Amino acid sequence: MPYLQVGTPVDMVFNPLRVPSRMNVGQMFECSLGLTGDLLDRHYRITPFDERYEQVALRKLVFPELYEASKQKANPWVFEPKYPGKSRIFDGRTGDPFEQPVIIGQSYMLKLIHQVDEKIHGRSSGHYALVTQQPLRGRAKQGAQRVGEMEVWALEGFGVAHILQEMLTYKSDPIRALKEQLGTMIVGGTIPKPEGAPESFRLLVRELRSLALELKHFLVSEKNFQINRKVGMNQNFSSMIDRYKHQQLRIGLVSPQQRTAWANKILPNGEMVGEVTKPYTFHYKSNKPEKDGLFCERIFGPIKSGICACGNYGVIGDEKKTRNFVNNAELNLLILGYEDIKWDTSNWHVQ
């Protein structure tokens, strides 16, 4: 370790980039004042935010104390006029002084619990988020690894194409492949190829549709460069891949009729639902979704699988006996609702 001019080795060395990144300039003055208090056997009480009274309030407090400590203890290295608060230290291996002086002193350091043993974790299967169908985050929730942009870049940099494909397909969020993969690995068979769009892509399409935007897929012919519509977003995603033709994805606005057609659905009793007419979520007494509200089960499906909104029928085959949907809760991700917003233009004036 580096040592001071009196031969005392330092205990800890910090990167100077920690100061501007965390904006903790006061810790540097605390470090110098702690050295002064140790040499003079004093205790200090500092007013917080004292820079509001004067721009150099901390310097006027710390530097005179350092000067007094250097005179009383006959240690000129404590306060050097050329660079007050700093001192020359020497390399512990070679004995050569460092190129620039550094701040030395004593301060309180609290070590947080970030041990490797408490972070090692692995899972073969576990829970997934309901909306995004992504693995949960964290060891406490039995979560899994998340592959973000930077992880994808790292795998691309190493050129591991098959591992990257496995991360983005087999280990990602295709629901059918996840259910079949674990059993196939236990038996020792061939892992089935994931078919259909991953759940994150389906969620993106639903979010675009909720903004009245439609994602359209086109193919450009290599011969005459004509644009042809191939498949919709609801069909098999793997059928959209064509290596011999150029592809285009376009985002465009949809008509109100198309938006209404996406959201409208017919209940078993023949009633048409899909429009949200109330700006409410849950009832304050029963804690159940409000009818025709933002969480209405008649529009967006049941909260729990196999249980209808009225709670009387819990079997999926009994849809005809109830006025509400009885289906799997995972299918609710595909259900949309709409709300007509009407503007009062009677008081508008054009100048």
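Computed from a predicted structure; not experimentally measured.

What counts as what
Residues numbered from 1 in each chain as written. Predicted model: local features only at pLDDT ≥ 70, side-chain atom pairs only at ≥ 80, totals over all residues. Heavy atoms only, no water. Helix = DSSP H or I, 4+ residues; strand = E, 2+ residues; numbered from the N terminus. Buried < 20%, exposed > 50% of the residue type's maximum accessible area, 1.4 Å probe, protein only. Contact = heavy atoms within 4.5 Å. Areas by Shrake-Rupley, 256 points an atom, 1.4 Å probe, with all protein chains shown as cover. Patch = residues over 30% accessible without salt bridge, like charges linked within 9 Å, V, L, I, M, F, W, Y side chains within 5 Å. Salt bridge = Lys/Arg side-chain N within 4 Å of Asp/Glu carboxyl O. Expected span 1.5 Å × (residues − 1). Phe/Tyr/Trp six-rings, centres within 6.5 Å; stacked < 30°, edge-to-face > 60°. Lys NZ or Arg CZ within 6 Å of the ring centre and 35° of its normal. Axes fitted to C-alpha atoms, helices over the stretch in contact; angles between N-to-C directions. Left-handed = near helix turned anticlockwise from the far one by under 90°. Nonpolar A, V, L, I, M, F, W, Y, C, P; charged D, E, K, R; others polar.

Draft legend 1. Region of interest: the overall build of the protein. Summing up its helical and strand segments, the protein has 9 helices and 7 strands in all. Residue burial in the protein is summarised as follows: out of 351 residues, 28% are buried. Restricting to contacts in the protein with at least 6 residues of sequence separation, those with at least 24 account for 46%. Looking at the protein as shown, the accessible area adds up to about 25800 Å², and 55% of this sits on carbon and sulfur atoms.

Draft legend 2. Spotlight on a nonpolar patch on the surface. A cluster of nonpolar residues, Met-12, Phe-14 and Met-109, forms a patch on the protein surface that exposes about 300 Å² of accessible area. Looking at where Met-12 falls in the secondary structure, it is placed in the segment before helix H1 (18–22).

Draft legend 3. Structural detail: helix H3 (residues 57–72). Over its 16 residues, H3 extends 24 Å from the first C-alpha to the last, a length consistent with the 22 Å expected when each residue adds 1.5 Å. Of all the positions in H3, only Ala-57, Leu-58, Val-62, Glu-65, Leu-66, Ala-69 and Ser-70 are classed as buried. Turning to H3, the residues buried within the fold contact helix H2 (26–40). Within two residues after H3, Ala-74 carries a phi angle of roughly 55 degrees, on the positive side.

Draft legend 4. Representation of unusual backbone geometry within the structure. In this model, Ala-74 sits at a positive phi of 55 degrees, which is unusual for a non-glycine residue. You can see Ala-74 is positioned in the loop between H3 and strand S1 (86–87). Ala-74 sits in the exposed class, given a relative accessible area of 58%. Of note in this structure, Asn-287 is not a glycine but carries a positive phi near 60 degrees. With respect to the element layout, Asn-287 can be found in the loop between strand S7 (272–273) and helix H9 (297–300). Residue classification places Asn-287 among the exposed residues on the basis of a relative accessible area of 57%.

Draft legend 5. Quick look at the packing of aromatic side chains. Counting across every chain of the model gives 3 aromatic pairs. Seen from their ring centres, Tyr-3 and Phe-90 are 5.6 Å apart, and the 20 degrees between their planes marks the pair as stacked. In this pair, Tyr-3 is assigned in the segment before H1 and Phe-90 in the loop between S1 and strand S2 (102–103), connecting sequence segments 87 residues apart. Their ring planes at 85 degrees and their centres at 5.6 Å tell us that Tyr-67 and Phe-79 sit as a pair that is edge-to-face. Of this pair, Tyr-67 sits in helix H3 while Phe-79 sits in the loop between H3 and S1; the two residues are 12 residues apart in sequence, bridging distant segments of the chain. Since its relative accessible area comes to 42%, Tyr-67 is described here as partly exposed. According to the relative accessible area criterion, Phe-79 is buried, its value standing at 17%. Above the face of the Trp-262 ring, Arg-209 is positioned so that its terminal group lies 4.2 Å from the ring centre.

Draft legend 6. Structural context of the packing of H2 against H3. Contact pair H2 / H3: the axes reach a minimum separation of 9 Å and the direction vectors enclose 35 degrees. Where H2 crosses over H3, the two elements pack in a sense that is left-handed. Where H2 approaches H3, its residues Phe-29, Ser-32, Leu-33, Thr-36, Leu-39 and Leu-40 are matched on the opposing element by Leu-58, Arg-59, Val-62, Glu-65, Leu-66, Glu-68, Ala-69 and Gln-72. Per-class residue counts for the contact of H2 with H3 are 8 nonpolar, 3 polar and 3 charged.

Draft legend 7. Representation of the pattern of salt bridges within the structure. All told, the structure shown has 3 salt bridges when counted by the stated rule. The salt bridge involving Glu-54 is made with Lys-60; its shortest N-O contact spans 2.3 Å. Each member of the salt-bridge network shares a partner with another, and the members are Arg-42, Glu-65 and Glu-68.

In short, shape yes, function no, at least from these values alone.
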